[in-house]
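# Coordinate analysis (summary)
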Amino acid sequence: MNLTRLSIRASALLIVAATLTACGGDSDSDPKDMVSPSPDTSMSPEPEMSPEPSMSPEPSPSPSAMPTYNYTVTLTNVTANQPIAPAALILHNDSYYAWDLGAPASVALENLAESGSPAMLVEAAESAYDAKASEGVLMPGVSTSVELETNYSGDLYLTAAAMPVNTNDAFAGLNAMAIGHLDVGMQYSTLLRVYDAGTESNSETAATIPGPAGGGEGFNAERDDVDVVSIHTGVVTSADGLADSTLNESHRFQQGVLYLMVERTQ
Ligand SMILES: [Ca+2]
Ligand SMILES: [Ca+2]
């Protein structure tokens, strides 16, 4: 083969290649030839579903500022013949006392113990969380209930007082019993002591006994007794030789007069 012809062919090929290369470079630089890539919609990712509007969460029960404590107090007259006047029922803290043994009764307590009305004692319990009177005179063997409630969450105490009406100034009492430890559904029951308000002599005469055994006077501001609250010594009655007594053996209450049951209901 002729070497000269071969080198001419090679040179020609090189020239052609150089020319093609030059043309390609020009077209690349011309903006008109640039094809802006059209978005390939088929390939575009599925548009993301906008998230379902999230359910607004159930409003959580707003933490009630304070829990509620509810109590049902049930009173039962356990006497043979002592109707019991409406009771004062007081839910309170440890700074309240309706009476102190050995100390004079308040006028409010004197009123309850002599007339049977709990109104003054209920009204006077200004610091109480709740204070109510039971309804009506409670006859022997009969029960009545009262609802008490408070939002106070600390220590709670219950005070109760009610007059057996065939007496001068006796009252059945529960003095600041702690009930804050009771869980819902728990109960506590007790037979109430009978106190003497010390504000009226225990003469037992008809004129001084407001109950049906006497039909006499109720409250009297005079204090013709020892003027201190004490545990009642019981009634003497005509059956035991107190000639002027309008009472008889059926009015005795050695075992107490009022049974109290308190249940926490909430
Ligand atoms: Ca007395
Ligand atoms: Ca009096």
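Residues numbered from 1 in each chain as written. Chains lettered and ligands numbered in written order. Predicted model: local features only at pLDDT ≥ 70, side-chain atom pairs only at ≥ 80, totals over all residues.

## Side note on the overall build of the protein
Short version of the rule: Each helix corresponds to a stretch of at least 4 residues labelled H or I by DSSP, and each strand to a stretch of at least 2 residues labelled E; elements are numbered beginning at the N terminus. To assign burial, the other C-beta atoms lying within 10 Å of each residue's own C-beta are counted, with C-beta atoms placed from the backbone; 20 or more indicates buried, 12 or fewer indicates exposed, and intermediate counts indicate partly exposed.
Scanning the protein for helices and strands turns up 3 helices and 10 strands. Its helices and strands in sequence order give the protein the pattern α-β-β-α-α-β-β-β-β-β-β-β-β, from N to C terminus. Residues counted as buried form 33% of the 266 residues belonging to the protein.

## Some remarks on the confidence of the model for the protein
Which entries qualify depends on this criterion: Residue-level confidence of the predictor, termed pLDDT, takes values from 0 up to 100. Remark: residues whose backbone-derived C-beta atoms lie within 7 Å of one another are considered to be in contact.
With 76% of its residues at a pLDDT of 70 or more, the protein has an overall mean of 83. pLDDT under 50 marks residues 1–45. Its contacts with residues more than four places away, or in other chains, come to 3 contacts.

## Some details on the sheet that holds strand β10 (residues 258–264)
Short version of the rule: Between any two strands, pairing holds if DSSP finds at least two bridges. Only C-alpha atoms enter the line fits that serve as axes; for helices the fit covers just the stretch in contact. Angles between N-to-C directions range over 0 to 180 degrees.
Strands sit in the order β4-β1-β10-β7 across an open sheet of 4 strands; the sheet is antiparallel. Lying at the two open borders of the sheet, with one neighbouring strand each, are β4 (143–150) and β7 (187–191). Here the strands of the sheet are splayed against their neighbours by 15° on average, with no regard to which way each runs.

## Let's talk about the pairing of strand β6 (residues 170–178)
Strand residues, when the strand is regular, have side chains that alternate between the two faces of the sheet. With 5 bridges connecting them, strand β5 (residues 157–162) and β6 associate as antiparallel partners. Counterpart to L158 in the pairing with β6 is M177. Relative to strand β8 (residues 193–196), β6 is paired through 4 bridges, and the arrangement is antiparallel. By the bridge assignment, G173 is partnered in β8 with R193.

## Looking at the sheet that holds strand β3 (residues 130–133)
Within the open sheet, the 6 strands sit side by side as β3-β2-β5-β6-β8-β9. Their pairing is antiparallel. Looking at the sheet topology across the chains shown, the edges are occupied by β3 and β9 (230–231). Sheet strands in contact with helix α2 (residues 107–115) are β2 (88–92), β5 and β6, and its direction is about 135° off that of β6.

## A look at the pairing of β5
A large share of β5 lies buried, amounting to 6 of its 6 residues. Residues Y157, T159 and A161 of β5 are buried on one face, and the alternating residues L158, A160 and A162, pointing to the opposite face, are buried as well.

## As for the nonpolar core
As a reminder, the rule being used: Core membership is restricted to buried Ala, Val, Leu, Ile, Met, Phe, Trp, Tyr and Cys residues, and these are joined into a nonpolar core through C-beta atoms within 7 Å.
L109, A160, A161, A162 and F171 are the most contacted members of the largest nonpolar core, which totals 49 residues. The biggest single contributor to this core is β5, with 5 residues. Setting aside anything within four residues of it in sequence, one finds A160 in contact with A87, A88, L89, G173, L174, L192 and L260.

## As for unusual backbone geometry
Glycine aside, residues mostly have negative phi, and peptide bonds are mostly found in the trans state. Within the chain, E204 stands out as a residue other than glycine whose phi angle is a positive 60°. Among the structural elements, E204 can be located in the loop between β8 and β9. On the basis of neighbour counts, which here come to 22 C-beta atoms within 10 Å, the residue E204 falls in the buried class. If you check the backbone angles, D227 has positive phi at about 60° while not being a glycine. When you line up the elements, D227 lands in the loop between β8 and β9.

## Considerations on the environment of E200
Within the fold, E200 resides in the loop between β8 and β9. For E200, a count of 23 C-beta atoms within 10 Å puts it in the buried group. Sequence separation between E200 and D227 is 27 residues, and the spatial gap between their C-alpha atoms is 8.1 Å.

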